[in-house]
Every structure is written in C-alpha cells, then in structure tokens.
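Residues per chain, in single letters:
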Amino acid sequence: MAFTCATGKHRRPSRMQRTSVRAAGIAALTTTGVMATVASTPAFAAEPTPEQTGLIPVVTAGESVVEQIDDQVAVQKHAAFEEAARQAAAKKAVEEREARVRAAREAERKRLNTFVLPITGSYVSTGYQASSSLWSSGSHTGIDFHAASGTSVHAIGSGTVVEAGWGGSYGNQIVIKMNDGTYTQYGHLSSIAVSVGQTVTPGERIGLSGATGNVTGPHLHFEARTTAEYGSDIDPVAYLRTHGVNI
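Residues numbered from 1 in each chain as written. Predicted model: local features only at pLDDT ≥ 70, side-chain atom pairs only at ≥ 80, totals over all residues. Heavy atoms only, no water.

Colleague: Looking at this model, I keep getting lost on the environment of Thr242. Mind explaining?
Modeller: Checked against the element boundaries, Thr242 lands in helix α4 (residues 236-242). The sequence separation of Thr242 and Phe115 amounts to 127 residues, and the corresponding C-alpha distance is 9.6 Å. (Helix = DSSP H or I, 4+ residues; strand = E, 2+ residues; numbered from the N terminus.)

What follows is the structure, given as structure tokens:
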C-alpha cells in the first residue's frame, strides 16, 4: 500500500480548517460559560504606580514652587509693610519736627510781642505828672520805680536802641524805639549795657539802676514817648497797661 507524505514547510491551514477551529472555540465558550472564557484570558496588567508615571514628582515639584512663591509673596508683603511703616514714621517725625518749629516760632513771636516791667517786682514810687520844683517843667514827665543802686533794668519790649549815654538831668540814660513805633526812656542809670543800633528783646538787661543826674536818691526814671525827644511824653502807666503789663 503506497503512502503519500507531505514534504517541505507546513502549509497554511485551509479556510475550512480555520472555520472549524473558530467553531470549536465558540462551542467551548458556550459549554464553559463566560467565567471559563475570563479565566482562560490573560490577567489584566496591574496599573502603573504614580511613581512609575512620574506624577508624584511633578505634583511635589509643583507644590514646592507654590511654597516658594508663597514665601516670596510673604517676604515682599513684609518688606512692603516695613517700608510703609518706615515712611509713616519718617512722615510723622517730619510733622512733629515741623510742629515743634511752628510752636517755637509762635512762642518766640509771642515773647517778642510781650511787654514787661523795667524792674522785676518793683513798684511806682512817684507818679506821672506829679508836681515838684525838682523838675524843670514843674511836673514829672515819667514815673519812678523803686530800686536800689545796681538793680537790673530791663527793656520792657522789643526795639532798637537810639540813644545810650549821658542825658543831662537824666544822668546816664537809654532811649529805645519800640517795634510799635513808640519810644521808651530809662534814666539815672549807674551803668549802661547796650549801644546805639543794638536790638533788644523783652526782659533783656540793658543797664543797672543808680542815682546819676538830677536825683535825691537811687531809682529808675521811666518814660513813654511818641518821639525820642523830651516833651513828647505820654502816660507810662496807661502805656504799660495797654501792652498787658500789670502795674
């Protein structure tokens, strides 16, 4: 009996064979059910971990950047706050300094416009226009302040010295043109501490009381005048009171 053997490579299954195999598979699925099919299929591969995908490093890096930005924002806010505080402090310091300057100027202005007694704590010993043969005019052209020889004599207000020296019957005298345009005279001084052209301020010492000239004893002769000359006298008590001096 003769046999015929196939030689060479395996031949591709015929269409009929492929159909038969597919039919057998369907029959097997029908017989074993879905579970058999699932069991016979390869297991699903495990999902890759976040570490394998690189997600966590990306998220971590993102959070780090956010934290750095937050830190920078915080630092900038703090710096801005400190700068604002510094500017506010500097502005306040300037305002306070300007306020002190204004207050000092105002105080100085008030001081320069203030009038005081020519001799501190003294009183009038001889009144204005008192009659006596001691005065060539027959009446007193000023007022006398009680004062021992050598007592400090002060300018009653702000002004400029127009006379400083010997004044005949007035002895050593000083005449000051006041800032309001009036004149004041201080007579019978034992010494003079100012010179012509010098400016003086309220309460400034201008000399010492004495008994020079036509006097019977030491005192200060004080006059208020409309000019620097003798004979233009006005009531010195009323003059001082008009300028706020309690006398």
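Colleague: Would you mind showing me how to read the pairing of strand β6 (residues 183-192) here?
Modeller: Regular strands place side chains that alternate from one sheet face to the opposite one. Along β6, 7 of the 10 residues are buried, which leaves the element largely enclosed by surrounding structure. The loop that links strand β5 (residues 172-178) with its antiparallel partner β6 comprises 4 residues; one of these, Gly181, has a positive phi angle of about 95 degrees. Pairing analysis gives 5 bridges linking β6 to strand β9 (residues 219-225), with the strands arranged antiparallel. Across the sheet, Gly187 pairs through a bridge with His221, a residue of β9. Bridge analysis of β6 against strand β8 (residues 205-209) gives 3 bridges, and the strand direction is antiparallel. For Ile192, the partnering residue across the bridge sits in β8 and is Gly207. (Buried < 20%, exposed > 50% of the residue type's maximum accessible area, 1.4 Å probe, protein only. Pairing = 2+ DSSP bridges.)

Colleague: Help me understand the packing of aromatic side chains, please; the structure alone is not making it clear to me.
Modeller: The relative placement of two aromatic rings is captured by the distance of their centres and the angle of their planes. One pass over the full model with this rule turns up 3 aromatic pairs. When the ring of Phe115 is compared with that of Tyr239, the centres are 6.2 Å apart and the planes differ by 80 degrees; the resulting orientation is edge-to-face. You can see Phe115 sitting in the loop between α3 (55-112) and β1 (124-126) and its partner Tyr239 sitting in helix α4, a full 124 residues away along the chain. Taken as a pair, Phe115 and Tyr239 share a single burial class, namely buried. Both rings, one in Phe145 and one in Phe222, keep their centres 6.3 Å apart while their planes meet at 65 degrees; by these two values the pair is edge-to-face. One end of the pair, Phe145, is in strand β2 (residues 143-146); the other, Phe222, is in strand β9, with 77 residues separating them in the sequence. Each member of the pair Phe145 and Phe222 is classed as buried. Each member of the aromatic cluster is reached from another via a ring pair, and the members are Phe145, Tyr186 and Phe222. Looking at Arg225, its charged tip hangs above the ring of Tyr170, at a distance of 5.9 Å from the centre. (Phe/Tyr/Trp six-rings, centres within 6.5 Å; stacked < 30°, edge-to-face > 60°. Lys NZ or Arg CZ within 6 Å of the ring centre and 35° of its normal.)

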